[in-house]
Amino acid sequence: MNAAKRHEIFTRLRAHNPEPTTELHWSTPFELLAAVLLSAQATDVGVNKATARLFPVANTPQAIIDLGIDALKDHIKTIGLFNTKAENLMKTCHLLVQQHGGNVPRTRPELEALPGVGRKTANVILNTAFGQPTIAVDTHIFRVSNRTGIAKGKNVIEVEERLMRHVPKEFRQDAHHWLILHGRYTCVARKPRCGSCVIEDLCEFKEKVDL
């Protein structure tokens, strides 16, 4: 895939969705961090239902600590792996209070030092909360990047590096959201909806499905 084709792909994705954003509900960097920590192997809808119960009661690191681990688990028990997630979130809250004055850090190393925060989560926070042009590669973005030919790679790190290299600078800030939403609703895993895809003619996927 050449640069002109990539530019046209992102031009169309932008025209289709000029202001893309996460489907997780949040209003502060900490709320976003908490929501992303809870979102592993869970749907955004499920996480939003849980945080709609949690955030009115506790939406800061200190408030989570004051809430206590048992009450925290009770608020998020509808989410899969809630016990582990509650433990990680509580540990993260303690570190944020002890080392960062209760604030979410703005650097990748500091974010990745938090319990349960890996490269993907750090990229989401840096991009969505702090406006940095990072690209968090999840299963949707990995699939779309490889299937379309935008940025092929054998693992998420390869795909991320190639996206950062090949996505035109003007699109880099929002590329993460365009690709994840495209993978979630159009370029789905089993039967991609190629017939309703705004970039079908630019996509290099050989087994297109006319749906």
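Presented here is a report on the structure given in the accompanying data block.

Some remarks on the overall build of the protein chain
The helix and strand inventory of the protein chain stands at eleven helices and zero strands. When the helices and strands of the protein chain are listed from N to C terminus, the series reads α-α-α-α-α-α-α-α-α-α-α. Taken over C-alpha atoms, the radius of gyration comes to 18 Å for the protein chain, in line with the 17 Å a tight globule of 211 residues would show. On the principal axes, the C-alpha backbone points of the protein chain span a range of 55 × 30 × 30 Å. Buried positions account for 46% of the 211 residues belonging to the protein chain. Sequence separation of 24 or more characterises 58% of the internal contacts of the protein chain that already satisfy a separation of 6 or more. As displayed, the protein chain has an accessible area near 10500 Å², and 52% of this comes from carbon and sulfur atoms. Counting 28 positive and 22 negative side-chain charges, the protein chain places the averaged centre of each group 5 Å from the other.

Quick word on helix α5 (residues 69-76)
Of the positions making up α5, those classed as buried are L72, K73, H75 and I76. Seen from one end, α5 has its buried residues packed into an arc of 160°, which puts them on one side. Where the residues of α5 are buried, they touch α2 (29-38), α3 (44-54), α4 (61-67) and α6 (82-100).

Some words on unusual backbone geometry
Leaving glycine out, the prevailing phi sign among residues is negative, and the prevailing peptide bond configuration is trans. Even without glycine at this site, Q41 takes up a positive phi of about 55°. In this structure, Q41 sits in the loop between α2 and α3. Classification of Q41 as exposed rests on a relative accessible area of 75%. The backbone phi angle of L81 is positive, close to 60°, even though this residue is not glycine.

Let's talk about the state of the cysteines
Working definition: the covalent bond between the sulfur atoms of two cysteines is a disulfide. Counted under the stated rule, the structure contains zero disulfides. Not part of a disulfide, C187 finds its nearest cysteine sulfur in C203, a span of 6.2 Å. Not part of a disulfide, C194 finds its nearest cysteine sulfur in C203, a span of 6.5 Å. Since its relative accessible area comes to 9%, C194 is described here as buried.

About the criteria used
Residues numbered from 1 in each chain as written. Predicted model: local features only at pLDDT ≥ 70, side-chain atom pairs only at ≥ 80, totals over all residues. Heavy atoms only, no water. Helix = DSSP H or I, 4+ residues; strand = E, 2+ residues; numbered from the N terminus. Rg over C-alpha atoms; globule rule 2.2 N^0.38 Å. Buried < 20%, exposed > 50% of the residue type's maximum accessible area, 1.4 Å probe, protein only. Contact = heavy atoms within 4.5 Å. Areas by Shrake-Rupley, 256 points an atom, 1.4 Å probe, with all protein chains shown as cover. Lys, Arg positive; Asp, Glu negative; His and termini not counted. Charge placed at Lys NZ, Arg CZ, Asp CG, Glu CD. Arc of directions from axis to C-beta. Disulfide = S-S within 2.5 Å.

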